[in-house]
Structure formats: structure tokens, C-alpha cells
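Each chain is listed here by its residues.
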Amino acid sequence: MHDLRFIRQSPEEFDRGLARRGLAAMSPQILALDAKRRATQTALQDMLQRRNEASKQVGLAKRNGDDADALITEVQSLKDKIAADEESAKSLEAELTGILEGLPNLPADDVPEGGGEDDNVEIRQVGTKPAFDFEAREHFDIGETLGLMDFEGAAALSGARFVVLRGALARLERALGNFMVDLHTGENGFAEVSPPVLVRSEALYGTGQLPKFAEDLYRTEDDYWLIPTAEVPLTNLSSGAIYDAGDLPQRLTAWTQCFRSEAGAAGKDTRGMLRQHQFGKVEMVCVTHPDESDAELERMTGCAEEVLKRLEVPYRVVTLCTGDMGFGARKTYDIEAWLPGQGMYREISSCSNCGEFQARRMNARFRTKGEKGTRFVNTLNGSGLAIGRTLIAVLENGQNADGTVTVPEVLRPYMGGLERIEPVKGTGK
RNA sequence: GGAGGGAUGGCAGAGUGGUAAUGCAACGGAUUGCUAAUCCGUCAUGGGAUAAAACUCAUGCGGGGGUUCGAGUCCCCCUCCCUCCGCCA
């Protein structure tokens, strides 16, 4: 949500931000609406003032036993006018809010300009791509050869974009989640949270998925929504909060299932488990002082990178350009893991600084000792990491010519010491 | 699912139709100085005014409607929280 006072003060700057997002200037329309709203409000207030005075006099007159009919008639005649003005003030307000809540966050100054994915800027590549003396296969080949990745069974249960993992792959998924949460809580300073995955619409409004992106979400018949990411519950834990500045930053992590309708992704990544309706993800959320959020974004991205480093998966970090950033973000780093089977880097984490955009929607503030009043906090979120995609990366980077997969060393303690995942004889069907 | 209770400022908490008490915390100031106390003011949001204030007006008692000259207070609808009962992993 945008600050109307900022738009009033710096309309050019506001429009410049929108333009960088590829959007038309909105400040003329917004300011016109705002001026109209304020004029209406002022007129309304004058009438209310008169009504209040007259009403007070009626009270006095009645107490003194005087005649108050003239005053009563006057106020009654104001009534229709007041009601009409209230009505139009309210609808102007609603119109204004409707516009403001549909506009994305403005990009930070250092975000590269661009229209889409192709204009993202690579910052660094880390790790060494594995050199295979055979043709690298994609994860679904590897998984099906192992007999442990079952798309048919999943289709029978749930349809397309689901998977059933079995045996060592099911355990690998669990191992990844445990490893990531242990890393973030043990070394990266995050507090572990186990939140609901069903939330109210208010929570989704707070992080910005609603009202604009309802079609991407699953909704229950009794009006709960399935979270598309644990960013929603973790960030909204700060909804309505007033922190002491000393209690910031708040760093939270959670391993949850995430649910996405993938309404706009028809035909994209249909094969395999790259893009699913349901997937596990370890999420990191930070709530910071406004002066700290830029540094926190670097830190958080580093925390996500550390997961891949330890898993020995090569990756690169890109800064998303203005055209590829999500709705609530003012700056985003994507981490893309190297997938030898695809011969491509694919997104495995997205770390965003949302500034005070979400905090305004949630009314999340902090107070500094010695200062008057409160200010909005800044919020950040990042995957640390998406589990399904990490599993893909581990399979593709750890694959061997004989169809087995080498388990990264850091995961072995979570896998009962298992060093290699071997194909199973028969699928048990 | 059934029954009941509740929602008022940062927090606590009064207020049954006529200007939203009071306490705590916080901020500004005054005063006196033995780890502090005392006093005064400020202490929700928005409009107008202003360089910024002072100032001024309105709104604000969970949300939305209604009754009334006037609603925190009365009526209707809704939401959320709590308690008890039932069911349940």
C-alpha cells in the first residue's frame, strides 16, 4: 500500500517508480481524486459542525423548557445533505483505496530496468558445475528410474502437477527440510515457527496477494485460503504489532507446504515436479528497522545461498529487473540452481525486501525509545529454500551413470547414513 | 454443532441518549537535585491553516445499517475473541 502523503509531496517520483515498473502515471488521477475527497470532506465537516452546535442548543433549550422547534427543523433540513456528502466521501475514499491497493511497490533505485526475465542481472556464479562423462538426465527420468518418483499414482489421486515420492526420495525431501531448518535456526539466527497453512483473507491482504491475485490461490468452501507461501503467516504474525526498536530484527523460519493454482502457467513446466500445485518450502521472514532492511536483504540472501553451498549445488544470484519483480517487492534477488539435466539455471529461491509496503497494509509498527510516535517496520521474505526444487537439484547434480544418485554429505546424517540412492526392484505396485 | 460472555487510545479501565473519566507507560517542559520524586503540558486519525508549529474543525468506542435535534450508550445485521457443553486427531 502506498503512502498518500508521499504521492502528494512527490508525485513525479511516484510516477517515475511506476514507469520503471512499466505502468502508466497514476498521480494525476490519484491527486485529483484526493483533492475531490478532501473538498467533500471539508464541506461535510462544516455541516457537521453546524449540526453539532444546533443539537447542543436543542439540549440546552429543552432543559430550560424553551422552544427548540426552529433548531430542530434546521438540523432536519441538513440531514439529507449530510447523508449525501457522507455517501460521496465514502465512495471517493473507496475508489482511492481501490486504486492504491492495486498498485505494486516502487522499485528501489538500484534495481535494474527491464521488461522481463531476460533483463535480470547476474551478480555472481558460485560452485563448480559437475562434468559428467554421460548425458545428464532430467530429474523425472532419474526419479522414475529409481522407481521412487510416481507421477501416475499422483495423477490418479490428484491430477496433474502433483507427485508421490517414495522410499529414499520421500526421506530425502524430509532430510532437506530438516537440514534447512536446522541451518537457519542453528547458525543463521532464525526462530522456528510452525504456522497454520489455512489463513483468513486479511492475512493475504497484508502481504499483498489479495485482492489482486485471488486466482492464484486455493480457497476453501468456508472461506479459508491455502497459503501460497509461509511468507503469509510468518509476515502477518507482525500484523498490528508495535515493536520496541530494540526487539528488531525479528527473524522467523518455517517449513510448510505451499499451495498454488498455477492458473497463469498453463503449459509451463508440465513435466516433472518443477511446478506443482503443492510443494514444501522453508521460508525466512525478517522484520526490521527501515534503516536495516537493505543490509538484511543481503544477509538473508546469504543464508539461502549457504544451503546450496553445503549441498554442493552450483548456483547463480540474479537481481530481478523492474519488470520481473513481484507485487510487494522493492528489490529482489533470485537464486537459481544449476540443473545439469536441463542445462539451465532454475529459480530455487527468491529473496525480497518489501520496505514498508506490507507493513502499511498490516499496520505493523515500531517505537524508538526517546522518540515520539511510531513508524512502520520493513519486511523481507525469502525462500531458504523451495524443497521440491532443491530435491531436483540434488538429483540432477548428484546423478551417476549407473542410475544411482549420490547423497550430499551434509544430508547423510538425516538419511540414516545413506550415501547413494539405488533403484528399487519393482515399484511395489 | 449448542449455550453464554465480551470487543473503548500503546496498555489497563470507567462510562444506560447531551463535550470520551481515570490510572499506568511514553514524549516535551518546569522545579528540586543523594540511584529519584513532584508539578504542568502533550500523548488516535483526518481536514483546514502554517515554512513548521501554535490554532481550528471533524471523525474515532470491532465492522455495516437504522432510530434521534443529538448515539460509545437504543434497535437490526455481520465479524472476531473468550468460557462452558457436545464431537474429534
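Since the model is a prediction, treat every value here as computed from it, not as a measurement. (Residues numbered from 1 in each chain as written. Chains lettered and ligands numbered in written order. Predicted model: local features only at pLDDT ≥ 70, side-chain atom pairs only at ≥ 80, totals over all residues. Heavy atoms only, no water.)

Draft legend 1. Seen up close, the packing of helix 7 (residues 167–186) against helix 12 (residues 387–398). Where helix 7 meets helix 12, the closest approach of the two axes is 10 Å, and the angle between their N-to-C directions is 115°. It follows that helix 7 is roughly perpendicular to helix 12 by the angle criterion. The handedness of the crossing between helix 7 and helix 12 is right-handed. For the pair helix 7 and helix 12, the contacting residues are Leu169, Leu172, Glu173, Leu176, Gly177 and Met180 in the first and Ile387, Thr390, Leu391, Val394 and Leu395 in the second. Looking at the contact of helix 7 with helix 12 residue by residue, the classes come out as eight nonpolar, two polar and one charged. (Axes fitted to C-alpha atoms, helices over the stretch in contact; angles between N-to-C directions. Helix = DSSP H or I, 4+ residues; strand = E, 2+ residues; numbered from the N terminus. Parallel < 35°, antiparallel > 145°, perpendicular 65-115°, else oblique. Left-handed = near helix turned anticlockwise from the far one by under 90°. Contact = heavy atoms within 4.5 Å. Nonpolar A, V, L, I, M, F, W, Y, C, P; charged D, E, K, R; others polar.)

Draft legend 2. Region of interest: the pairing of strand 9 (residues 278–288). Across the eleven residues that make up strand 9, a large majority, ten, are buried. Where strand 8 (residues 250–259) and strand 9 come together, ten bridges link them in antiparallel fashion. Counted as the bridge partner of Arg251 is Cys286 from strand 9. (Buried < 20%, exposed > 50% of the residue type's maximum accessible area, 1.4 Å probe, protein only. Pairing = 2+ DSSP bridges.)

Draft legend 3. Local environment of the protein's contact with RNA strand B. In the region of RNA strand B, 25 residues are neighbours, and Arg5, Thr42, Ser55, Lys90 and Arg200 sit closest. Near-protein atoms of RNA strand B (within 4 Å) split between backbone and bases, with sugar and phosphate holding 81%. Here a phosphate oxygen of RNA strand B sits 2.6 Å away from a polar atom, N or O, in the side chain of Lys90. In the model, a sugar or linking oxygen of RNA strand B is placed 3.5 Å from a nitrogen or oxygen of the Arg367 side chain. Elements with a minimum of two residues in the surface near RNA strand B: helix 1 (4–9), helix 3 (27–64) and helix 4 (69–101). The dominant element in the surface near RNA strand B, judged by the number of residues it contributes, is helix 3, at 13 residues. Partitioning the surface near RNA strand B into residue classes produces five nonpolar, nine polar and eleven charged. (Near = heavy atom within 4 Å. Polar contact = N/O pair within 3.5 Å; in protein donor to acceptor, adjacent residues only side chain to side chain.)

Draft legend 4. Highlighting helix 10 (residues 293–311). When the terminal C-alpha atoms of helix 10 are compared, their 28 Å separation across 19 residues agrees well with the 27 Å that a helix rising 1.5 Å per residue should span. Those residues of helix 10 lying buried are Ser293, Glu296, Leu297, Met300, Thr301, Cys303, Ala304, Glu305, Val307, Leu308 and Leu311. Phi turns positive one or two residues past the end of helix 10, at Glu312, with a value near 60°. (Expected span 1.5 Å × (residues − 1).)

Draft legend 5. Focus on the pairing of strand 10 (residues 315–319). For strand 10, a buried count of four out of five residues is recorded, marking the element as mostly surrounded by other parts of the structure. Relative to strand 10, strand 1 (residues 121–126) is paired through five bridges, and the arrangement is antiparallel. Paired with Glu122 across the bridge in strand 10 is Val318. Pairing geometry for strand 10 and strand 11 (residues 331–339), over five bridges, is antiparallel. By the bridge assignment, Tyr315 is partnered in strand 11 with Ala337.

Draft legend 6. Inspection of the pattern of salt bridges at higher detail. Enumeration according to the criterion identifies 26 salt bridges in this entry. Of the charged contacts, one joins Arg37 and Asp34 as a salt bridge, the two residues approaching to 3.5 Å between their closest N and O atoms. Of the two residues, Arg37 and Asp34 are both situated in helix 3; the distance of three residues between them amounts to about one turn of the helix. Among the salt bridges present, the one from Asp269 reaches Arg275, with a minimum N-O distance of 3.0 Å. Using a relative accessible area of 19% as the deciding quantity, one classes Asp269 as buried. Connected through salt bridges with shared partners, the residues Arg8, Asp34, Arg37, Arg38 and Glu93 form a single ionic network. (Salt bridge = Lys/Arg side-chain N within 4 Å of Asp/Glu carboxyl O.)

Draft legend 7. Geometry of the state of the cysteines. In this structure the tally under the stated criterion is zero disulfides. The cysteine Cys258 is free of any disulfide, with Cys351 supplying the nearest cysteine sulfur at 14 Å. Owing to a relative accessible area of 0%, Cys258 belongs among the buried residues under this scheme. Free of any disulfide, Cys351 has its nearest neighbouring cysteine sulfur in Cys303, separated by 8.6 Å. (Disulfide = S-S within 2.5 Å.)

Draft legend 8. Layout of the side chain of Lys281. Considering the arrangement of structural elements, one finds Lys281 in strand 9. At 2.8 Å, the side chain of Lys281 and the side chain of Thr229 are in polar contact. Among the polar contacts listed, one links the side chain of Lys281 to the side chain of Glu283, at a separation of 2.7 Å. Setting aside residues no more than four positions away along its own chain, Lys281 makes contact with Thr229, Ala230, Ala254, Trp255, Thr256, Cys258, Arg260, Ser383, Leu385, Ala386 and Ile387.

Draft legend 9. How the structure looks around the nonpolar core. Formed by 51 residues in total, the largest nonpolar core has its most connected members in Leu169, Leu172, Leu176 and Ile421. The residues touching Leu176, leaving out its near neighbours within four places in the chain, are Leu311, Ile387, Thr390, Leu391, Val394 and Leu411. Met26, Ile30, Leu92 and Leu103 belong to the second-largest nonpolar core, a separate cluster that totals 14 residues. (Core = buried A, V, L, I, M, F, W, Y, C linked by side-chain atoms within 4.5 Å.)

Draft legend 10. Seen up close, the domain arrangement of chain A. The domain architecture assigned to chain A consists of domain 1 (4–101) and domain 2 (117–421). The C-alpha-based centres of domain 1 and domain 2 are spaced at 45 Å. (Domains from an automatic or database assignment.)

Draft legend 11. Main features of the packing of helix 7 against helix 10. Orientation of helix 7 relative to helix 10, taken along the N-to-C sense of each, is 130°, at an axis distance of 10 Å. The pairing of helix 7 with helix 10 is recorded here as oblique in orientation. Here the hand of the crossing between helix 7 and helix 10 comes out right-handed. Across the interface between the two elements, Leu176, Phe179, Met180, Leu183 and His184 of helix 7 pack against Cys303, Glu306, Val307, Arg310 and Leu311 of helix 10.

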